[in-house]
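# Summary of the model geometry
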Amino acid sequence: MADPSSYRPKPGEIPDSPGVYKFRDEHRRVIYVGKAKSLRQRLANYFQDLSGLHPRTRTMVTTASSVEWTVVSTEVEALQLEYSWIKEFDPRFNVKYRDDKSYPYLAVTLNEKFPRVQVMRGAKRKGVRYFGPYGHAWAIRETVDLMLRVFPVRTCSAGVFKNAERTGRPCLLGYIDKCSAPCVGRIEPADHRELAEEFCDFMAGRTGAYLRRLERQMAEAADEMEYERAARLRDDIGALRRAMEKNAVVLADATDADLIAVAEDELEAAVQIFHVRGGRVRGQRGWVTDKVEAVGTGELVEHALQQLYGEESGDAVPKEVLVPALPGDDEAATAAVSQWLGDRRGSQVSLRIPQRGDKKDLMATVARNAQQALALHKTKRASDLTTRSRALEEIAAALGLDSAPLRIECFDISHFQGDDVVASMVVFEDGLARKSEYRRFQIKGFAGQDDVRSMHEVITRRFRRYLQEKERTGEWPEGRDEAPEPGGAAAPAPARVMVRAEAARTMEPVRGGGASPAPGASPGAGDALAGVQGLKDQGLQDQSLKDQSLKDQDLQGLQDLKDDDGRPKRFAYPPQLLVVDGGQPQVAAAERALDELGVDDVAVCGLAKRLEEVWVPGDDDPVVLPRSSEGLYLLQRVRDEAHRFAITYQRQKRAKRIRSGPLDDVPGLGEARKQILVRHFGSVKRLRQATIEQICEVPGFGRKTAESVVVALAKAAPAAPAVNTATGEIVEDDGDSGDGGHD
C-alpha cells in the first residue's frame, strides 16, 4: 500500500486550468482517469486526510504510485480526451457500466446490392441502418415476420442467396410471398432497395402514410370486386397494426428521444435507458456500475452519456436526451456535454430534465425500471461475491498461501496427434475471467508431442517476458544478470532470488511526484500510453515541468510501448497463483521453469482431470479438495477455460493448414486477390488450365504475378479424380469453386 504523500505534487506544480489527469500504479498501469475544470482544485481533493476520503477513493490513491495530467483549452476537449483515455486504458477504478448481455438490434444492410434484414449484435458497421436495441432476439423476429407480408425484403444469408442464384430456385420465403426473391431476378435491384428503404421508414415511425395507402388500395380493390386482393391487403394492414402494437405509443408523433434514469446507493448504481423513436419505445437497455468514488447523479449521467454515444454519430444520437440530473458541476459543464453530443449528431441536441406531462411520467417509469434492476443485481451479486470470496479463501488455505490469489493464470497444452502443438494462458482476476489478458502460444522449441517439455517452454517464455518488462521499467534487482534462454542455465544469482525491487531506488520523481525511469533507463510503458495520437488529432496542449514537455516524453515512450519484435507489451503483471492443466510432471516442469528464471513469488499447482486432484511442487501426494468445495469448482472453471481456449486455437491452426492450397505460396497474393482470381475463372481447376496471358487479363494482375501463379499451380499435383464405384466412370467436377487457393 502506497502513501499518497510519497507522490503528491509539489505546491505550484499543478496548473489552475482545465485538463485530464490519470493515476498509475507501481507497474505503470493506468488505474484511474478523470477530468477537471481546475486541475489544481480537483487533485488537491485526493491528497487530503485518508480518513476523509470515500472508501473506494482511499483504495485508489493508496494503490497508485504516481499522478500525471494534460492541460486542454476547453471542457469539451477535456471530455473528449477523458473518454478516449478510458477506452484506451480501461482503468480499473473508473466508473464502468457492466452490460449484462449484448443487446440485439434489427439491422438493414443498406451497404449491400440487395439489402438484407437481420438480427445483429456487437459493434455497428458502416452503411447499416439499426433499430433497437431490443430485449430479446425473438421479439425482432416476430416483428420482422409480420412486416414481411408488406415489405418482402431479403432476409437470407449470403450463402443461401448465392445458392439460390446458382440453382435458379428461391427459398421457401420466396414461394410464400414473404420475400421478393431478388436472387432469381423477380425484382430489380433499384426496386428492392426502395422496398428496403420503405421498411426502414416504417420502422423509424413514419407509419401513418403506409397504413392510409394500404387502406386506400383495399377500398379500390373491393370496389373493383377483386375480393381476394382486398382480403390480402386487409391482412397486411392487420399485420402492420400488430407490429405497431408491440411498441406502445408513449409520446407525441415524431418525438425522437432517449430517456436515462439512475438508481443508486452508496456502493453501486443502475442505469436504464428507453429509446423512443417516432413516439414509440423502440428499445431498452440497462447497465450497473460500482461507485469507485463519491460521484453524484450528474457524474453518473455523464459517464452513461459517454458510454452510450461515444461511438455513435448521426441519427443514432437523438434530438432530445432526457436525464434525471444535468451532467457536470455547473452550467458550463452541462453546455460542454451538450456541445459534445451535438458534434456527434451533427446538429443541436437538447439535454434537459423533464418537468411535466408525458415525458415526466415516462421518466418515472424508466426510474422504476432502474430501481428494480438495482435490487435484482444486488440480490445476485451478494451471492456471487460471497461465493467467489469463499472459493479464493479455500484455495489459499489448501495451498498454504499467505493471502487469497487475486490473479490466477492457467496454462494448457493442446495438439492433434503430435501436430499443431499450441498452448493457452487464461487469466482470472477476483474469481472472474479477464479475457483481454488471455494469450496463446505456438510451441517453437521442438517438434512432436511432449506435454511436459511444452509446458516448460511456455512458462519460461511467459515469465521471461515478465522479467524483461521489470528490467525495462527499472524494477530489476541490482547486480542481476539477464534472464536465461529456455532450457538454459539459471542466472548466477542464488536460486529463486526475489525479483521484486523498490521502484524508488531506480526511479526519479517527475511531474506530479510520479515515477519515471532514472537516467540511462528506458521509459516505462505508461509514458507511451499517454494518448499521443489523441493529442495530435485534437491539438491539445501538453503540460510541462520545467524544460521537458509531456509530448516529448510521450514521443520518446512510443518505442517502449513495443517489445523488440514490435508487438505490444503483454506480460507485465505476475499472477499470485499459476495453475497448469496436468499432474505431477507438468507441475514439476512449471516449477523448474520458474527456478531457472529466479522467480519465487508465484505459487504453482496443477489440476489433474482423472480424479480432480490438486498437485503442488515437491509433494508426492496430491491435495484433495471436497467435491462440494467452491475452491475446487473455481479451479475447475479456470482449467476448463484454459482447455477450451487452447483447443479452439489448435483447431483453428489445423483448419487453416487443411484449407491451404497452392495459391498460398504465391508471394503478394492475399485472400482477397485469390478470391478475385478464382471467381474470374470459376474454379481452381479452370485456373490451372489458364495461360499467363489469360491471367494477366484479370484486373490487378501483372505478368510477374501471373507467372508466379502458373508456377505454383504447376508444382502442386492435382488431386486424384473421383471414380464412380458402380460404373467405373471418372466423375468430372467443374464446380470446384471453393475458397481461393483451395484445391
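Scroll up to find the structure.
Residues numbered from 1 in each chain as written. Predicted model: local features only at pLDDT ≥ 70, side-chain atom pairs only at ≥ 80, totals over all residues. Heavy atoms only, no water.

### Regarding the overall build of the chain
A count of helical and extended segments in the chain gives 23 helices and 24 strands. Across the chain, contacts joining residues at least 24 apart in sequence account for 66% of those joining residues at least 6 apart. As displayed, the chain offers around 36,700 Å² of accessible surface, 49% of which is attributable to carbon and sulfur atoms. (Helix = DSSP H or I, 4+ residues; strand = E, 2+ residues; numbered from the N terminus. Contact = heavy atoms within 4.5 Å. Areas by Shrake-Rupley, 256 points an atom, 1.4 Å probe, with all protein chains shown as cover.)

### Topic: a negative patch on the surface
Together, Glu 188, Asp 191, Glu 194 and Glu 197 make up a region of like negative charge exposed at the surface. Along the chain, Asp 191 turns up in helix α7 (residues 189-203). Residue Asp 191 is classed as partly exposed on the basis of its relative accessible area, which comes to 41%. (Patch = residues over 30% accessible without salt bridge, like charges linked within 9 Å, V, L, I, M, F, W, Y side chains within 5 Å. Salt bridge = Lys/Arg side-chain N within 4 Å of Asp/Glu carboxyl O. Lys, Arg positive; Asp, Glu negative; His and termini not counted. Charge placed at Lys NZ, Arg CZ, Asp CG, Glu CD. Buried < 20%, exposed > 50% of the residue type's maximum accessible area, 1.4 Å probe, protein only.)

### A closer look at the pattern of salt bridges
Within this structure, the stated rule accounts for 23 salt bridges. In this structure, the salt-bridge partner of Glu 320 is Lys 359, at a minimum N-O distance of 3.0 Å. Within this pair, whereas Glu 320 is found in strand β10 (residues 320-322), its partner Lys 359 is found in helix α12 (residues 357-399), the two being separated by 39 residues in sequence. Close ionic contact of Arg 434 with Glu 429 constitutes a salt bridge, the shortest N to O distance being 3.8 Å. In this structure Arg 434 comes out as partly exposed when scored by relative accessible area, which is 24%. Overall, Glu 429 belongs to the partly exposed group, its relative accessible area being 22%. Three or more residues are tied together by salt bridges with common partners; here these are Arg 407, Glu 409, Glu 429, Arg 434, Glu 437 and Arg 462.

### Structural notes on the nonpolar core
Among the nonpolar cores identified, the biggest contains 27 residues, and Phe 411, Val 458, Ile 459, Phe 463, Leu 578, Leu 594 and Val 599 are the most heavily contacted of them. Mapped onto this core, the elements with two or more residues apiece are β12 (407-416), β13 (419-429), α13 (451-472), β20 (577-581), α18 (584-597) and β21 (603-608). No other element matches α13, which puts six residues into this core. Apart from residues lying up to four places away in sequence, Leu 578 is in contact with Glu 409, Phe 411, Ile 459, Phe 463, Ala 590, Val 602, Ala 603, Val 604 and Cys 605. The next biggest cluster of nonpolar side chains, apart from the first, holds 25 residues, and it includes Tyr 134, Val 150, Leu 195 and Phe 199. (Core = buried A, V, L, I, M, F, W, Y, C linked by side-chain atoms within 4.5 Å.)

### Points about the side chain of Arg 345
Following the sequence through the fold, Arg 345 ends up in helix α11 (residues 331-345). Polar side-chain contacts of Arg 345 include one of 2.6 Å to the backbone oxygen of Val 317. For Arg 345, the side chain forms a polar contact with the side chain of Ser 347, separated by 2.9 Å. Beyond its immediate chain neighbours, meaning those up to four positions away, Arg 345 contacts Gly 314, Asp 315, Val 317, Pro 318 and Lys 319. (Polar contact = N/O pair within 3.5 Å; in protein donor to acceptor, adjacent residues only side chain to side chain.)

### Looking at the sheet that holds strand β9 (residues 280-290)
Overall, mixed pairing links the five strands, which are arranged β9-β8-β7-β10-β11 in an open sheet. At either margin of the open sheet sits one strand with a lone partner, and together these are β9 and β11 (350-352). Taken pair by pair, the neighbouring strands of this sheet meet at an average axis angle of 15°, ignoring direction. Both β10 and β11 contribute to a ladder of three bridges, which runs parallel. (Pairing = 2+ DSSP bridges. Axes fitted to C-alpha atoms, helices over the stretch in contact; angles between N-to-C directions.)

### Some thoughts on the pairing of strand β8 (residues 268-277)
Among the ten residues of β8, ten are classified as buried, and the element is accordingly described as predominantly covered. In β8, alternate side chains face the same way, and those of Glu 268, Ala 270, Gln 272, Phe 274 and Val 276 on one face and Ala 269, Val 271, Ile 273, His 275 and Arg 277 on the other are all buried. As paired strands, strand β7 (residues 257-264) and β8 are joined by eight bridges and run antiparallel to one another. Residue Val 262 lies in a different strand from β8, and its bridge partner there is Val 271. Connecting the antiparallel pair β7 and β8 is a turn made up of three residues. Between β8 and the antiparallel strand that follows it, β9, lie two residues; Gly 278 among them carries a positive phi value of about 65°.

### Topic: the pairing of β20
Most of β20 sits inside the fold, with five of its five residues counted as buried. Here β20 shows two buried faces, one formed by Leu 577, Val 579 and Asp 581 and the other by Leu 578 and Val 580. Taken together, the four bridges between β12 and β20 define a ladder with parallel strand orientation. Bridge assignment links Phe 411 to a residue of β20, and that residue is Val 580. In terms of strand pairing, β20 meets β21 through five bridges, oriented parallel. When the sheet's bridge partners are listed, Leu 577 is paired in β21 with Ala 603.

### A short note on the sheet that holds strand β2 (residues 30-36)
In space, the three strands of this open sheet follow the order β2-β1-β3, with antiparallel pairing throughout. One side of each edge strand has no neighbouring strand; the edge strands of this open sheet are β2 and β3 (66-71). Mean inter-strand twist for the sheet, computed between neighbouring axes without regard to direction, equals 20°. Sitting on the sheet, helix α1 (residues 39-46) touches β1 (19-24), β2 and β3, and the angle it makes with β1 is about 25°.

### Things to note about helix α20 (residues 671-681)
Within α20, burial applies to Lys 674, Leu 677, Val 678 and Phe 681. Burial along α20 is one-sided: seen end-on, the buried residues are contained in an arc of 90°. Turned more than 90 degrees away from the buried face of α20 sit Ala 672 and Arg 679, all of them exposed. Against the buried residues of α20 lie α21 (684-689), α22 (692-696) and α23 (703-715). (Arc of directions from axis to C-beta.)

### Side note on α23
The end-to-end C-alpha separation of α23 is 18 Å, in line with the 18 Å expected for 13 residues at 1.5 Å each. Among the residues of α23, those classed as buried are Thr 705, Ala 706, Val 709, Ala 712 and Leu 713. Projection of α23 onto a plane perpendicular to its axis shows the buried side chains occupying an angular sector of 125°, all on one side. When the buried face of α23 is taken as reference, the exposed residues oriented beyond 90 degrees from it are Lys 704, Ala 714 and Lys 715. Its buried side turned inward, α23 meets α20, α21 and α22. (Expected span 1.5 Å × (residues − 1).)

### Some words on the environment of Glu 26
Positionally, Glu 26 belongs in the loop between β1 and β2. Sequence spacing of Glu 26 and Ser 66 is 40 residues, and the spatial spacing of their C-alpha atoms is 8.0 Å.

### Describing unusual backbone geometry
The phi dihedral of Ala 181 is positive, around 55°, even though this residue is not glycine. For Ala 181, the position within the fold is in the loop between α6 (172-175) and α7. We note that Met 225 has phi near 60°; this positive angle belongs to a residue other than glycine.

### Topic: the environment of Ala 375
Within the secondary structure layout, Ala 375 lies in helix α12. What makes Ala 375 partly exposed here is its relative accessible area of 44%.

### Brief notes about the environment of Ala 706
Note on placement: Ala 706 falls in helix α23. The class for Ala 706 is buried, based on a relative accessible area of 0%. Excluding residues that lie within four positions of it along the chain, Ala 706 makes contacts with Ile 692, Ile 695 and Cys 696.

All quantities given are derived from atomic positions and should not be read as evidence of function.
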